Amino acid sequence: MGTQDDAPARRSYVPAGSAADGPYALRIDPEHAGWGYAAVRVLELAPGAVHRLATGDSEWIVLPLQGGCTVEVDGEFFELLGRESVFSGVSDFAYVPRDAHTQIASGAGGRFALAGAKCERRLPARYGPAPEVPVELRGSGTCSRQVNNFAAADTFDCDRLIAVEVLTPGGNWSSYPPHKHDEHRPGAESELEEVYYFEIAGDGLGYHRVSPSRPGGTDVLAEVRTGDVVLIPDGWHGPSIAAPGRDMYYLNVMAGPGPEREWLICDHPDHGWIRETWPQQQVDPRLPLYGAGPATRAAPTSAPTDQPRTPEGSR
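Quantities reported herein were computed from a predicted structural model and do not represent experimental measurements.

## Observations concerning the pairing of strand β12 (residues 145-151)
Most of β12 is tucked away: 7 of the 7 residues are buried. Sheet topology places strand β11 (residues 135-138) next to β12; 4 bridges connect them, and they run antiparallel. What sits directly across from Leu137, in β12, is Gln146. Taken together, β11 and the strand that follows it, β12, pair antiparallel across an intervening segment of 6 residues, in which Gly139 is found at a positive phi of about 75°. Inspection of the sheet shows β12 paired to strand β13 (residues 162-168) by 4 bridges, in the antiparallel sense. From the neighbouring strand, Val147 faces β13, where its bridge partner is Val166.

## Details of empty space enclosed by the protein
Within the structure shown, the criterion is met by 1 cavity of 30 Å³ or more. The space that makes up the largest cavity amounts to roughly 80 Å³. Forming the walls of the largest cavity are 10 residues, and the residues nearest its centre are Arg138, Asn149, Ala152, Val164 and Trp263.

## Notes on the environment of Leu63
Along the chain, the position of Leu63 falls in strand β5 (residues 58-73). Overall, the relative accessible area of 2% leaves Leu63 in the buried class. Spatially, the C-alpha atom of Leu63 lies 33 Å from that of His271, the residues being 208 residues apart in sequence. In this view, Leu63 contacts Arg83, Ser91, Asp92, Phe93, Phe112, Ala113, Phe150, Glu165, Tyr249 and Leu251; residues no more than four positions away in its chain are not counted.

## Concerning the state of the cysteines
Under the definition given, this model contains 0 disulfides. As a non-bridged cysteine, Cys143 has Cys266 as the owner of its nearest cysteine sulfur, 18 Å distant. With relative accessibility at 9%, the residue Cys266 sits in the buried group.

## Observations regarding the sheet that holds β12
Reading across the sheet, the 8 strands line up as β1-β21-β18-β23-β13-β12-β11-β25 and stay open at both edges, with mixed pairing between neighbours. Of all strands in the sheet, those bounded by a partner on one side alone are β1 (13-14) and β25 (296-297).

## A closer look at unusual backbone geometry
Cis geometry is adopted by the peptide bond preceding Pro177, which originates at Tyr176 and carries an omega value of 5°. As for its placement among the helices and strands, Pro177 is situated in the loop between β14 (173-174) and β15 (179-180). A cis amide bond links Gly238 to the next residue, Pro239, at an omega of 5°. Relative to the helices and strands, Pro239 is located in strand β22 (residues 236-242). Backbone geometry places Asp74, a non-glycine residue, at a positive phi of 50°. Tracing the backbone through its elements, the reader meets Asp74 in the loop between β5 and β6 (76-83). Overall, the relative accessible area of 47% leaves Asp74 in the partly exposed class.

## Digging into the pattern of salt bridges
As enumerated under the stated definition, the model contains 20 salt bridges in all. We note a salt bridge from Asp21 to Arg27, for which the minimum N-O separation is 3.1 Å. We classify Asp21 as partly exposed; its relative accessible area is 36%. Since its relative accessible area comes to 24%, Arg27 is described here as partly exposed. Asp159 is paired through a salt bridge with Arg121; the nearest N and O atoms lie 3.0 Å apart. In this pair, Asp159 sits in the loop between β12 and β13 while Arg121 sits in the loop between β9 (110-118) and β10 (126-128), placing the two residues 38 residues apart along the sequence.

Cut-offs applied
Residues numbered from 1 in each chain as written. Predicted model: local features only at pLDDT ≥ 70, side-chain atom pairs only at ≥ 80, totals over all residues. Heavy atoms only, no water. Buried < 20%, exposed > 50% of the residue type's maximum accessible area, 1.4 Å probe, protein only. Helix = DSSP H or I, 4+ residues; strand = E, 2+ residues; numbered from the N terminus. Pairing = 2+ DSSP bridges. 1 Å grid on protein atoms, 1.4 Å probe; cavity = no way out; pocket = protein on both sides within 12 Å on 5 of 7 lines; lining within 4 Å. Points joined across faces, edges and corners; volume = space filled by probe spheres on them. Contact = heavy atoms within 4.5 Å. Disulfide = S-S within 2.5 Å. Salt bridge = Lys/Arg side-chain N within 4 Å of Asp/Glu carboxyl O.

Below, the structure is given as structure tokens:
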């Protein structure tokens, strides 16, 4: 729930079920979000069901959340083994280009995220194997989290789409220190719209904060549960807080108008100091929750807050 009964809070916090549309348990396209690029949908398929999608002016990644499926793109087939749940393992995925006709079918049924972005280039359809997804550990102590970089800017080629999964053990904070990417500052900060799609283990809850980076900017404190979404057109976002005993998952989908597909962030000046404490602490021993291969730990950074951040940042 948003803490403020105002228009920005209502637009930014999307409770589960409030953006359902036909076979989609969630449908957030740029037109719904009121911005230009990023999109996320959650497709629910009954056993034996088939869904057809014309991609139009957007590129998409089909990412199983629960179950497996077959993705057909203009006569080319990709078999996705999927997974039992987002808390059980890394999933394989399929990239679907713009201007394509796609069919998604599932013999056993399941739930599938479609992460999308309006784009210009038409890249080839491709399969992303689970063992090739880089699994990264970030932060230390109670700021430890796991990032599955399946479509990070430096791991998988897309035109504009950037997407990762983050898993936060119960009781930990992620997306911390708070950070932003709402200005185009070459070499220092990217302008990216962002969607957070949440799932919480054991029907639990968590909390997510977005604070204004400019007068009248996004200002939300939301209690989040499985299926909830927070839209971030601007602002300092974080922390995402997992309740004790309830691991948190979120899918981050980002895209923007910048000439380069890159993720450069700026830390909140009041909170960036937390990075300096990370080298003295151990990564939470519960991590990795799982991995497609050996997890790597990102080196903590303590650069000044106006310096560019690489993917060992605040996600």
